[in-house]
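Descriptive analysis of the structure
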Amino acid sequence: MLRSPHSTVLSPSLLAGDHAALGKSLRVVEETGLSWIHLDIMDGHFVPNLTFGPQTIAALRPQSSLFFDVHLMLDNPHVHLEAFLQSGADQVTIHVEPDYPVAETLKRIKDAGKKCGLALNPDTPAEIAMPFISDCDIVVIMSVMPGFGGQSFREDILPKIELFSQWRKEKGHSYRIQIDGGITIKTAPGCLNRGADTLVAGTAFYRADNRNSFSKEIVAQ
Ligand code: DX5
Ligand code: ZN
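Presented here is an overview of the structure given in this document. Because the structure is a prediction, the values reported are computed rather than measured.

Quick look at the packing of helix H3 (residues 77-86) against helix H4 (residues 102-111)
Helix-helix packing is described using two parameters, namely the angle between the two axes and the distance between the axes. Orientation of H3 relative to H4, taken along the N-to-C sense of each, is 10°, at an axis distance of 11 Å. By the criterion of interaxial angle, the relationship of H3 to H4 is roughly parallel. Contacts between H3 and H4 involve His-78, Leu-81, Glu-82 and Leu-85 on the former and, on the latter, Thr-105, Arg-108 and Ile-109. Taken together, the residues that form the contact of H3 with H4 break down as three nonpolar, two polar and two charged.

Structure below.
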């Protein structure tokens, strides 16, 4: 067991909220006493689905003081970055897989005074992210293929959590480790016990019978 030095954070994914009333779905998170919201941005190319863009984030910003954890699932995040930086994002995560200047894009996020993250799909080896992790505030390990909420957690990503956790300790890095996809009360402990500290939950949060007890239970694991 290798626990994270960071406190556990639950970042509900607005993807599973009510898209006709996103402001209301943000308030649900605030009323639960949480401080983060995960905003999934999909381009229909990198992932086979579309969601919303920077205009929606900017419209939500004045309605909430939640930490806006923006997950860009885009082939060309560097092209659209400025709009997201201006939208009120507090943290911007980009993927390592597409072909674009990753290090330069992470630096642009940092230079704008935001936290920066790097995400890896379930089949992407951890080593590919290695050159960039010293510059990251958060490493996002996808535990489903990105594109849709409500998928089952992939157990085969568990060793990747251990790797990033070991590297953080051995090399003195301070990044958070976020796990995104299929997080439930059952799948959370295996992640936290390997060093994850930031859990995204869309379906399990918004569909919970009691969101307060779900959130408390998951963070207390
Ligand atoms: C998947 C998204 C996830 C997703 C998680 O492409 O990046 O953030 O919303 O949803 P659940 O918790 O339903 O797996
Ligand atoms: Zn996400």
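Now, onward.
Details of the pattern of salt bridges
Going through the model one piece at a time under the given rule, you end up with eight salt bridges. Salt-bridge contacts for Asp-137 lead to Lys-110; the nearest nitrogen and oxygen are separated by 3.0 Å. Of this pair, Asp-137 sits in the loop between strand E5 (115-120) and strand E6 (138-142) while Lys-110 sits in helix H4; the two residues are 27 residues apart in sequence, bridging distant segments of the chain. In this structure, Asp-156 engages Arg-154 in a salt bridge whose closest nitrogen and oxygen atoms are separated by 2.8 Å. Relative accessible area serves as the criterion here: at 48%, Asp-156 is assigned to the partly exposed category. Linked through salt bridges whose partners overlap, the residues forming this network are Asp-123, Arg-154 and Asp-156.

Notes on the coordination of the zinc ion (ligand 2)
At the metal site, the zinc ion (ligand 2) is ligated by His-38 (NE2), Asp-40 (OD), His-71 (ND1) and Asp-180 (OD), and these contacts range over 2.0 to 2.3 Å. Read N to C, the donor residues that coordinate the zinc ion (ligand 2) are spaced as H-x1-D-x30-H-x108-D. With Asp-40 in strand E2 (residues 36-42) and His-71 in strand E3 (residues 67-73), the pair connects residues that are 31 residues apart, well separated along the chain. Here the two residues Asp-40 and His-71 agree in accessibility, since each one is buried.

Quick notes on the nonpolar core
By size, the foremost hydrophobic cluster in this structure holds 62 residues, and its most contacted members are Phe-164 and Ile-179. Ignoring sequence-local partners within four residues, the contact set of Ile-179 consists of Ile-141, Ser-143, Phe-153, Ile-157, Ile-161, Cys-191, Ala-196, Thr-198, Leu-199 and Val-200. Core analysis: the second largest hydrophobic core is formed by eight residues, Val-9, Phe-67, Ile-138 and Val-140 among them.

Rules and cut-offs
- For every chain, the first residue of its written sequence is number 1, and the numbers climb from 1 along that sequence.
- A letter from A marks each chain and a number from 1 marks each ligand, given out in the order of writing.
- Local features in a predicted model are, by the rule used here, given only for residues with pLDDT of at least 70; side-chain atom pairs are given and counted only at 80 or more, and totals for whole chains, interfaces and linings are based on all residues.
- The basis for the side-chain values is all heavy atoms of the structure; hydrogens and waters are excluded.
- For helices, the fitted axis covers only the stretch in contact; all axes are lines through C-alpha atoms, and the angles between them, taken along N-to-C directions, range from 0 to 180 degrees.
- Strands are runs of DSSP state E lasting at least 2 residues, helices are runs of H or I lasting at least 4, and numbering of each runs from the N terminus.
- Under this scheme an angle from 65 to 115 degrees is roughly perpendicular, one under 35 degrees roughly parallel, and one over 145 degrees roughly antiparallel; angles in between are oblique.
- Working rule for contacts: check all heavy atoms of both residues, and any pair within 4.5 Å makes them a contact.
- Charged means Asp, Glu, Lys or Arg here, nonpolar means Ala, Val, Leu, Ile, Met, Phe, Trp, Tyr, Cys or Pro, and polar covers whatever is left, Gly included.
- Each reported salt bridge corresponds to a side-chain nitrogen of Lys or Arg within 4 Å of a carboxyl oxygen of Asp or Glu.
- A simple rule labels every residue: compare its accessible area, found with a 1.4 Å probe on the protein chains alone, to the largest value its type can have, and call it buried under 20%, exposed over 50%, or partly exposed in between.
- Any N, O or S atom lying within 2.8 Å of the metal counts as a donor, with the limit raised to 3.2 Å for Na, K and Ca; because water is left out of the atom set, some sites can appear incomplete.
- The definition of a nonpolar core used throughout is a set of buried Ala, Val, Leu, Ile, Met, Phe, Trp, Tyr and Cys residues joined through side-chain atoms within 4.5 Å.

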